[in-house]
Amino acid sequence: MRSMSNTSIREILNEKLKERGYTLSQLARELGKDPRYLQKIFKGKFVSRPTVYRIAKLLQFPELCYLYEEFLHEKKYGSQKEVSQSKKALSLDKEKEVEKDGQKA
């Protein structure tokens, strides 16, 4: 499963639109949405989950729901790599504190 970035979501959706023979305007019409609203997804902006789920259903691409949830998580918490680096840094800080406490005793 791919990680969701601005570039990859744009690529994935363009690919799926092409496979299904949709343009962004046609998809927007089917969903009853303004095409500018749907462009937010392509730009990596937040849109409502129900809209993403409806797009996934129309494009017959259920993985979009998972990818969008991953995208939201990365936007909120950072990538897994960033999270791992932060945890490692915290761990090293704790080790240094323990060493200092041990030297004081």
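The residue count restarts for each chain, going from 1 along the sequence in the order it is written. With the structure being a predicted model, the display of local features is reserved for residues of pLDDT at least 70 and the display and counting of side-chain atom pairs for 80 or more, all residues being used for whole-chain, interface and lining totals. Note: side-chain values were computed over all heavy atoms of the structure, leaving out hydrogens and water.

(A) Focus on the pattern of salt bridges. A pairing counts as a salt bridge when a side-chain nitrogen of Lys or Arg comes within 4 Å of a carboxyl oxygen of Asp or Glu. What the rule picks out here adds up to 3 salt bridges. As a salt-bridge pair, glutamate 19 and lysine 16 come within 3.4 Å of each other at their nearest N and O atoms. Of this pair, glutamate 19 and lysine 16 both sit in helix H1 (residues 6-20), 3 residues apart, roughly one helical turn. Residue class for lysine 16 comes out buried when judged on its relative accessible area of 13%. In this structure, arginine 36 engages aspartate 34 in a salt bridge whose closest nitrogen and oxygen atoms are separated by 2.8 Å. Helix and strand assignments come from DSSP, with helices taken as H or I runs of at least 4 residues and strands as E runs of at least 2, each series counted from the N terminus. Only protein chains enter the accessibility calculation, which uses a 1.4 Å probe; a residue is then buried when its area is under 20% of its type maximum, exposed when over 50%, and partly exposed in between.

(B) Here's a closer look at helix H5 (residues 63-77). In this scheme, a helix's expected span is set at 1.5 Å multiplied by one less than its residue total. The end-to-end C-alpha distance of H5, which contains 15 residues, comes to 21 Å, matching closely the 21 Å that a straight helix rising 1.5 Å per residue would cover. All of the buried residues along H5 are Leu64, Leu67, Tyr68, Glu70, Phe71 and Leu72. At the exit of H5 stands glycine 78, carrying a positive phi of roughly 90°.

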